[in-house]
2 protein chains.
Amino acid sequence: MFSKTCEYGLRAVIFIALESNVDKKVSITAIADAIESPQAFTAKILQQLTKNKIVQSIKGPNGGFFIDDKSLKTVALSNIVAVLDGDAIYTGCGLGLHQCNDKKPCPLHFKFVEIRENLKKMLESTTLFELATDMNLKEYFLKN
Amino acid sequence: MFSKTCEYGLRAVIFIALESNVDKKVSITAIADAIESPQAFTAKILQQLTKNKIVQSIKGPNGGFFIDDKSLKTVALSNIVAVLDGDAIYTGCGLGLHQCNDKKPCPLHFKFVEIRENLKKMLESTTLFELATDMNLKEYFLKN
DNA sequence: AAAATAAAAGACAAATTAATCCTTTATTGT
DNA sequence: ACAATAAAGGATTAATTTGTCTTTTATTTT
């Protein structure tokens, strides 16, 4: 469904969101440990996400990654996926046709449209704030 | 969503189903041409599908690929996806966790379950026969 | 039997994705 | 000012996926 990059990215951002929710900054070491991901690779991903204003970062001692209160409420999962995997999941054809739409559909087009719409809506409506607050209530996991 | 292998495989099988529906066998050259896919690569994919009884093949002159009447009605898209991409789309975690289930869920588990269930049902309920007959009515495309 | 046809099989090659390593830059505390 | 800390950046390697090429096997027609 998503690339490894996107999977690690989502997990990392969710973890940062959780910590940011209680005003904590987290280092790349702490993140990689919390989500059980390759550290250097995760660092690269976070570079992309900071460039795209999904997360913020501060260098040096007491530095680390965090997400400001406003972003916590405005950033949805769809924004993260867009940065890391582009919009292929939403727009791309299930059978890999370059152009596939209502006018010129592949045999599965109308069946896929529905499923993708659901996915899109779910990603667009799920904010980091929702996850960060929800995760305090139930027991959720970011690693095995 | 699917690998290239699976995309080509689905398109190839749908094309073969269409031709088989009017009792025609098709060569790998005809298939690659009809779905605009790399021929040798598509040949490899069809090898896998014949081994797994999704399609049948006959060597030599007047040979080619086809799907018998019974398979046309019993084979669903889910069977093809299972052979080529495995069951990761159904069972795999959206965030890439190795084990993620109702008991030990990732933060998005319950949101993903629904979407994946829809996809699963769609793939399982769509048979080659349905596609082969439906494609005669409407204008559908297998290449650009 | 020989030639032609078409899929099967195996060995490579190219491209993309995933992952690591090393150096540089920014910031802080002593 | 200096040492320590932590992210940013660049170059490289590893693994996987995608794709090609050549040979072999099976079947049919002449």
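A short tour of the structure in this document, coming up. Just so you know, these numbers come straight off a predicted model, no measurement behind them. (Residues numbered from 1 in each chain as written. Chains lettered and ligands numbered in written order. Predicted model: local features only at pLDDT ≥ 70, side-chain atom pairs only at ≥ 80, totals over all residues. Heavy atoms only, no water.)

Concerning the protein's contact with DNA strand D
- Looking at DNA strand D, there are 26 residues lining it, with Ser27, Lys44 and Ser57 of chain A together with Tyr8 and Pro38 of chain B nearest.
- Counting only atoms of DNA strand D within 4 Å of the protein, the sugar-phosphate share comes to 64%.
- In this structure, a base oxygen belonging to DNA strand D sits 2.7 Å away from a side-chain N or O atom of lysine 44 of chain A.
- Put simply, the parts of the chain that give the surface near DNA strand D at least two residues each are helix H3 (39–51), strand E1 (56–58) and strand E2 (64–66) of chain A together with helix H1 (4–20) and helix H3 (39–51) of chain B.
- In terms of residue count, the dominant contributor to the surface near DNA strand D is H3 of chain A (four residues).
- Looking at the surface near DNA strand D residue by residue, the class counts come to 10 nonpolar, 10 polar and six charged. (Near = heavy atom within 4 Å. Polar contact = N/O pair within 3.5 Å; in protein donor to acceptor, adjacent residues only side chain to side chain. Helix = DSSP H or I, 4+ residues; strand = E, 2+ residues; numbered from the N terminus. Nonpolar A, V, L, I, M, F, W, Y, C, P; charged D, E, K, R; others polar.)

Some remarks on the protein's contact with DNA strand C
- By nearness alone, 26 residues border DNA strand C, and Tyr8 and Pro38 of chain A together with Ser27, Lys44 and Ser57 of chain B come closest of all.
- Counting only the atoms of DNA strand C within 4 Å of the protein, the fraction contributed by sugar and phosphate is 65%.
- Within the side chain of lysine 44 of chain B, one N or O atom sits 2.6 Å away from a base nitrogen of DNA strand C.
- In the model, a sugar or linking oxygen of DNA strand C is placed 3.3 Å from a nitrogen or oxygen of the glycine 60 of chain B main chain.
- Put simply, the parts of the chain that give the surface near DNA strand C at least two residues each are helix H1 (4–20) and H3 of chain A together with H3, strand E1 (56–58) and strand E2 (64–66) of chain B.
- Broken down by element, the residue count for the surface near DNA strand C peaks at four residues, all from H3 of chain B.
- Looking at side-chain class alone, the surface near DNA strand C contains 10 nonpolar, 10 polar and six charged residues.

Interpretation in functional terms is not warranted from these geometric data alone.
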